[in-house]
Amino acid sequence: MKIFNAVVVSHLVSGLASMVLSAKAYNKLATAYYKMLRKILGGKAIKKKLMEDGTIKHEALSNNAVCQALQTVSFTTLLRTRRLKFLQSIVAEPQVHELYLACLCGQYEMDIQT
């Protein structure tokens, strides 16, 4: 999982911390994330249920169950964590993020009259 998080997940969500995603884009990314997690689990991402007539019915595990099985977080939590770290970096070093803050707050340092 460490390699998956370092290589795949970092590329999947890189740059998304500062973006506002549409519902369609968010769902596409979340679907891709959960598909990859299910591939890691292999055939263990389903549960077998014995029916009354003796047949076996296969049901897919929920996304939360897949995350629990792999001891990882949901896509929503992953994105929230990335965004929180991004905001913390802005607060920690505002001079580095001056242009970003100016876009949010509407004022550049050069616009300030002294």
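The following paragraphs examine the structure supplied in this document.

Rules used throughout
- Residues numbered from 1 in each chain as written.
- Predicted model: local features only at pLDDT ≥ 70, side-chain atom pairs only at ≥ 80, totals over all residues.
- Heavy atoms only, no water.
- Phe/Tyr/Trp six-rings, centres within 6.5 Å; stacked < 30°, edge-to-face > 60°.
- Helix = DSSP H or I, 4+ residues; strand = E, 2+ residues; numbered from the N terminus.
- Buried < 20%, exposed > 50% of the residue type's maximum accessible area, 1.4 Å probe, protein only.
- Contact = heavy atoms within 4.5 Å.
- Salt bridge = Lys/Arg side-chain N within 4 Å of Asp/Glu carboxyl O.
- Core = buried A, V, L, I, M, F, W, Y, C linked by side-chain atoms within 4.5 Å.
- Axes fitted to C-alpha atoms, helices over the stretch in contact; angles between N-to-C directions.
- Parallel < 35°, antiparallel > 145°, perpendicular 65-115°, else oblique.
- Nonpolar A, V, L, I, M, F, W, Y, C, P; charged D, E, K, R; others polar.

Description of the packing of aromatic side chains
- Enumeration over the complete set of coordinates arrives at 5 aromatic pairs.
- Taking 5.4 Å as the distance between ring centres and 55 degrees as the angle between the ring planes, the aromatic pair formed by Tyr26 and Phe75 counts as tilted. Placement of the pair is Tyr26 in helix H2 (residues 23-41) and Phe75 in helix H4 (residues 75-92), with a sequence separation of 49 residues.
- Assessed through its relative accessible area of 23%, Tyr26 is described here as partly exposed.
- Residue class for Phe75 comes out buried when judged on its relative accessible area of 0%.

Looking at the environment of Phe75
- Phe75 sits 45 residues away from Ala30 along the chain, and the two C-alpha atoms are 5.8 Å apart.
- If we skip the residues at most four places from it in the chain, Phe75 touches Leu12, Val13, Tyr26, Leu29, Ala30, Tyr33 and Tyr34.

Thoughts on unusual backbone geometry
- The residue Gln71 is not glycine, and still its phi comes out positive at about 55 degrees.
- On the secondary structure map, Gln71 appears in the loop between helix H3 (63-70) and H4.

With respect to the pattern of salt bridges
- In total, this model carries 1 salt bridge according to the counting rule given.
- The salt bridge partner of Glu59 is Lys49, with a shortest N-O separation of 3.7 Å. Here Glu59 is found in strand E2 (residues 56-60), whereas its partner Lys49 is found in strand E1 (residues 46-50), with 10 residues between them in sequence.
- On the basis of relative accessible area, Lys49 is assigned to the partly exposed category, the value being 42%.

What about the nonpolar core?
- Grouped together as the largest cluster of nonpolar side chains are 19 residues, with contacts concentrated most on Val13, Tyr33, Tyr34, Leu37 and Phe75.
- At the level of elements, helix H1 (2-13), H2, H3 and H4 are the ones that each hand at least two residues to this core.
- A total of 6 residues in this core trace back to one element, the largest contributor, which is H2.

Considerations on the packing of H1 against H4
- Taken N-terminus to C-terminus, the directions of H1 and H4 make an angle of 70 degrees; their axes are 11 Å apart at the nearest point. Judged on the interaxial angle alone, H4 and H1 are roughly perpendicular. Here Val9, Ser10, Leu12 and Val13 of H1 lie close against H4, whose contacting residues are Phe75, Leu78, Leu79 and Arg82.
- Classifying every residue of the contact of H1 with H4 gives 6 nonpolar, 1 polar and 1 charged.

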